[in-house]
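Each chain, written out:
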Amino acid sequence: MTESSLASTATPDRDVPPLLSVSGVRKTYAGTGGGASTVAIDDLTFTVDKGEFVVIVGPSGCGKTTLLRCLSGLLAPTSGTVEFDGRTVAGVQAGLGVVFQEYTRSLMPWLSVRANVELGLHRLPKAERREQAERSLRHVGLVEFGDRYPWQLSGGMQQRVAIARAISADPRLLMMDEPFASVDAQTRTSLESMVLDLWVEAGWTGLLVTHDIDEAIFMADRVLVLSQRPSRVIEAIDIVLDRPRDQLETRASPEFQEYRRRITALIGQH
Ligand SMILES: Nc1ncnc2c1ncn2[C@@H]1O[C@H](COP(=O)(O)OP(=O)(O)OP(=O)(O)O)[C@@H](O)[C@H]1O
């Protein structure tokens, strides 16, 4: 699949209740050995509509990973609520896929690529599990690498395996925490385009966190700009750029430059 091979059909559906509702979420980490506690995120409120691709951008250390862990049920917020499809998130939730930055820690080195993808499908009978894993690997262009081990693949390919695992169970919402931060620049742009193609094709809702402003604009329907820690949403910006987006043309457009100027200024002021 190439970045421009698919026409964009995924459009947010704002006539139905939001798929994800985040209300007044705050997370404080207790200090160790009598030290001061850390307020990582403070009173975060926003929604994500079905079919949207929302990107959260904020400075390093502002609490993005903490937020994503709270949203995915891996961490309990200190206060506030997270609702996914109308139900309060508490613990790991069916229908939610997560991709982390560090693929070397999320993939099992002693399992083949195929077996790593099948890990997300353990509830299915074996034949179905195999079929769905193959389908996911095909979607990320790695079907012929199923018998290899993760350490036999490049970093970008390993992250594609992690993405294949996350999408294999047909999530309704795919959350991604700096998924392209550990790969080289060229691989990064091709992974960005691949994820957008998958989003259009499969119709899940996307929520990505990054500190890369250009990446945020390139990917998003809407960018939520976070302040320095303790983070809160400074502004939500609708990104009105045609899809499918092209890595060269879209980024060179005057509108893209204007979004970049605006978001850079916002982050600099807070
Ligand atoms: N388990 C923890 N215990 C205590 N403090 C933590 C813990 N995890 C994160 N923090 C603190 O919370 C703050 C936010 O961290 P977090 O990793 O969520 O930020 P981030 O925006 O994802 O950072 P980066 O952009 O560098 O990845 C930081 O000050 C961090 O030191």
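Residues numbered from 1 in each chain as written. Predicted model: local features only at pLDDT ≥ 70, side-chain atom pairs only at ≥ 80, totals over all residues. Heavy atoms only, no water.

### Structural notes on the nonpolar core
Operational definition: To form a nonpolar core, buried Ala, Val, Leu, Ile, Met, Phe, Trp, Tyr and Cys residues must be joined to one another through side-chain atoms within 4.5 Å. Categorising residues by exposure relies on relative accessible area from a 1.4 Å probe, with only protein chains included: less than 20% of the type maximum marks a residue as buried, more than 50% marks it as exposed, and the intermediate range marks it as partly exposed. Residues are treated as being in contact if the distance between any of their heavy atoms lies within 4.5 Å.
Judged by nonpolar contacts, the single largest core of 52 residues is most densely connected at Phe53, Ile163, Val195, Trp204, Met219, Val225 and Ile263. Once residues within four sequence positions are removed from consideration, Met219 is found in contact with Phe53, Val55, Phe180, Glu192, Val195, Leu196, Leu208, Arg243 and Arg245.

### Brief notes about helix α9 (residues 254–269)
Using the following cut-off: Secondary structure elements follow DSSP: runs of H or I no shorter than four residues count as helices, runs of E no shorter than two count as strands, and numbering proceeds from the N terminus. To estimate how far a helix should reach, multiply one less than its number of residues by 1.5 Å.
For α9, with 16 residues, the first-to-last C-alpha span of 23 Å sits near the 22 Å given by 1.5 Å per residue. The elements touched by buried residues of α9 are β3 (53–57), α7 (213–219), β9 (222–226), β10 (233–238) and α8 (249–252).

### Describing the packing of helix α5 (residues 155–168) against helix α6 (residues 185–202)
The condition that has to hold: Lines are fitted to the C-alpha atoms to define the axes, a helix being fitted only along its stretch in contact, and any angle between axes, read from their N-to-C directions, falls within 0 to 180 degrees. Angle categories are assigned with fixed cut-offs, so that under 35 degrees is roughly parallel, over 145 is roughly antiparallel, 65 to 115 is roughly perpendicular, and the rest are oblique. A clockwise turn of the near helix away from the far one marks a right-handed crossing, whereas an anticlockwise turn of less than a right angle marks a left-handed crossing.
Two elements in contact, α5 and α6, have axes separated by 11 Å at closest approach and are oriented at 20°. Classified by the angle their axes make, α5 and α6 are roughly parallel. When you trace α5 past α6, the crossing you get is right-handed. From α5, Gly156, Gln159, Arg160, Ile163 and Ile167 reach across to α6, where they touch Thr187, Leu191, Met194, Val195 and Leu198.

### Focus: the packing of helix α4 (residues 126–139) against α5
Just so we agree on the cut-off: Residue polarity follows a fixed list, in which Ala, Val, Leu, Ile, Met, Phe, Trp, Tyr, Cys and Pro are nonpolar, Asp, Glu, Lys and Arg are charged, and the others, Gly among them, are polar.
Here α4 crosses α5 at 130°, and the two axes come no closer than 9 Å. Considered as vectors, α4 and α5 are oriented oblique to each other. Here α4 runs over α5; the crossing is right-handed. Two secondary-structure elements touch here, α4 through Gln132, Arg135, Ser136, Leu137 and His139 and α5 through Ala164, Ile167 and Ser168. Its residues assigned to classes, the contact of α4 with α5 shows three nonpolar, four polar and one charged.

### What to know about the UniProt feature "domain: ABC transporter" (unreviewed entry) in the protein
What counts, and what does not: UniProt positions are given in the numbering used here, feature names are shortened, and annotations may be inferred rather than shown by experiment.
What UniProt calls "domain: ABC transporter" (unreviewed entry) maps, in this numbering, to residues 20–253. Helix and strand shares over residues 20–253 are 32% and 26% respectively, and the end C-alpha atoms of the span are 31 Å apart.

### Brief notes about the sheet that holds strand β5 (residues 87–88)
We count it as follows: One requirement defines pairing of two strands: DSSP has to find at least two bridges between them.
The strand order across the open sheet formed by four strands is β2-β1-β4-β5, and the pairing between neighbours is antiparallel. Lying at the two open borders of the sheet, with one neighbouring strand each, are β2 (38–48) and β5. Two elements, strand β1 (residues 20–29) and β2, share seven bridges in a ladder whose sense is antiparallel. Looking across to β2, one finds that Thr28 is bridged to Val39.

### Examining the site of the ligand
Note the cut-off: Here a residue counts as near a molecule or strand whenever at least one of its heavy atoms sits within 4 Å of it. Pairs of N or O atoms are called polar contacts if they sit within 3.5 Å, as long as, within protein, a hydrogen donor faces a hydrogen acceptor (for residues adjacent in sequence, only side-chain-to-side-chain pairs). For the accessible areas, the method is Shrake-Rupley and the probe is 1.4 Å, while residue cover comes only from the protein chains on display.
Taken together, the residues surrounding the ligand are Tyr29, Ala40, Ser60, Gly61, Cys62, Gly63, Lys64, Thr65, Thr66 and Arg229. In this structure, an oxygen atom belonging to the ligand sits 3.0 Å away from a main-chain N or O atom of Cys62. At 3.2 Å, a side-chain N or O of Arg229 approaches an oxygen atom of the ligand. Its free accessible area being 640 Å², the ligand has 59% of it covered by the protein chains.

### Overview of the pattern of salt bridges
Rule in force here: Any carboxyl oxygen of Asp or Glu within 4 Å of a side-chain nitrogen of Lys or Arg constitutes a salt bridge here.
A full pass over the atoms with the stated rule returns 17 salt bridges. In this structure, the salt-bridge partner of Asp214 is Arg260, at a minimum N-O distance of 2.7 Å. On the criterion of sequence distance, the pair formed by Asp214 in helix α7 and Arg260 in helix α9 is long-range, its members being 46 residues apart. A salt bridge links Arg243 to Asp221, with the shortest nitrogen-to-oxygen separation between them at 3.1 Å.

### Looking at the packing of aromatic side chains
For clarity, the cut-off: When the centres of two rings from Phe, Tyr and Trp lie within 6.5 Å, Trp using its six-membered ring, the rings pair. Their planes under 30 degrees apart give stacked, over 60 give edge-to-face, and anything left gives tilted. Only when the NZ atom of a Lys or the CZ atom of an Arg is both within 6 Å of the ring centre and within 35 degrees of the ring normal do we say a charge sits over the ring.
Throughout the structure, instances matching the rule amount to two aromatic pairs. Aromatic side chains Phe53 and Trp199 sit 5.4 Å apart centroid to centroid with 90° between the ring planes, which places their arrangement in the edge-to-face category. Taken together, the positions of Phe53 in strand β3 and Trp199 in helix α6 put the pair 146 residues apart, joining distant regions of the chain. Across the pair, exposure class does not vary: Phe53 and Trp199 are buried alike. Aromatic side chains Tyr149 and Trp151 sit 5.7 Å apart centroid to centroid with 15° between the ring planes, which places their arrangement in the stacked category. For Tyr149, a relative accessible area of 31% translates into the label partly exposed. Trp151 gets classed as exposed once you look at its relative accessible area, which sits at 56%. Here the basic side chain of Arg251 rests over the ring of Phe218, its NZ or CZ set 4.9 Å away from the ring centre.

### As for the state of the cysteines
We count it as follows: Note on terminology: disulfide denotes any pair of cysteine sulfur atoms within 2.5 Å.
Tallying each qualifying case throughout the model produces zero disulfides. Unpaired in terms of disulfides, Cys62 finds its nearest cysteine sulfur in Cys70, a separation of 13 Å. Here Cys62 falls in the buried class, since its relative accessible area comes to 0%.

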